[in-house]
Amino acid sequence: MVEVNCETDFVAKRPEFQELAKSLAMQIAACPTVEAISSDDISADWIEKEKKIEAASDDLQGKPEQIIEKIVNGRVEKAIKTKLLLEQPYIRDSGMTVDEFVKGYTAKLGENIKVARFARFTVGGGAEEAEEA
């Protein structure tokens, strides 16, 4: 389920806007690693935890500190991008990101469009968890 906001209900009722919302929902369903819309939604605790994990990796041992820091930051940025919806390649056209796809609809409809939030429902995943509790 995805919440896509626009400025007027006139645009929200147009088939193009509904097509955008459906495409975004399909994108979210197709990308199980996506957990947030933008980098602002990623917690600082998670980022610090990932930096500690990456800094402790075996392939960085023996390298200068400033090099390690650059490598760790690059790896963490890459991990963050895999979690962000707007940074994902669009499933129907991998040559563009989801953010570019949304901006294309913003230009087409002539109104600001924002992906506000989403929730993913997984069918059949909760039965085992409920039995274990």
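Preceding this paragraph is the structure being described.
Notes on the structure follow.

**Considering the overall build of the protein chain**
1) Next: When helices and strands are counted, the protein chain shows six helices and four strands.
2) Next: Each helix and strand of the protein chain, placed in order from N terminus to C terminus, yields the pattern β-α-α-α-α-β-β-α-β-α.
3) Next: For 133 residues, the compact-globule estimate of 2.2 N^0.38 gives 14 Å, and the C-alpha radius of gyration of the protein chain, at 19 Å, exceeds that figure by more than 25%.
4) Next: Judged by the C-alpha coordinates and their principal axes, the protein chain covers about 60 × 45 × 25 Å.
5) Next: Buried positions account for 29% of the 133 residues belonging to the protein chain.
6) Next: Carbon and sulfur atoms make up 52% of the accessible area of the protein chain, which totals about 9,000 Å².
7) Next: For the protein chain, the distance from the average position of its 18 positive side-chain charges to the average position of its 26 negative side-chain charges is 4 Å.

**Things to note about the pattern of salt bridges**
1) Next: Within the structure shown, the criterion is met by six salt bridges.
2) Next: One salt bridge in this structure joins Arg14 and Glu16, with 3.3 Å as the shortest N-O distance.
3) Next: Here Arg75 makes a salt bridge to Glu54, at a shortest N to O gap of 3.2 Å. With Arg75 in helix 4 (residues 65-83) and Glu54 in helix 3 (residues 44-55), the pair connects residues that are 21 residues apart, well separated along the chain.
4) Next: The network of salt bridges with shared partners includes Glu54, Asp59 and Arg75.

**Notes on the side chain of Lys83**
1) Next: Mapped onto the secondary structure, Lys83 falls in helix 4.
2) Next: Residues contacting Lys83, with those up to four places away along its chain left out, are Thr33, Val34, Glu35, Ala36, Ile42, Trp46 and Gln88.

About the thresholds
Here the residue index of a chain counts from 1 through its sequence in written order. In view of the model being predicted, local features appear only for residues whose pLDDT reaches at least 70, and side-chain atom pairs are presented and counted only at 80 or more, with totals across whole chains, interfaces and linings using the full set of residues. To obtain the side-chain values, all non-hydrogen atoms of the structure were included, while hydrogens and water were left out. Secondary structure elements follow DSSP: runs of H or I of four or more residues count as helices, runs of E of two or more count as strands, with numbering from the N terminus. Two things to know: the radius of gyration comes from C-alpha atoms, and the globule rule equals 2.2 Å times the number of residues to the power 0.38. Throughout this description, buried means an accessible area under 20% of the type-specific maximum (1.4 Å probe, protein chains only), exposed means over 50%, and partly exposed covers the range between. Surface accessibility follows the Shrake-Rupley procedure with a 1.4 Å probe radius. Residue values consider only the protein chains on display as shielding. When charges are counted, Lys and Arg contribute as positive and Asp and Glu as negative, whereas His and the chain ends are disregarded. Taken as the charge location is NZ of Lys, CZ of Arg, CG of Asp or CD of Glu. In the sections that follow, a salt bridge refers to a side-chain nitrogen of Lys or Arg positioned within 4 Å of a carboxyl oxygen of Asp or Glu. Should any heavy atoms of two residues lie within 4.5 Å, those residues are considered in contact.

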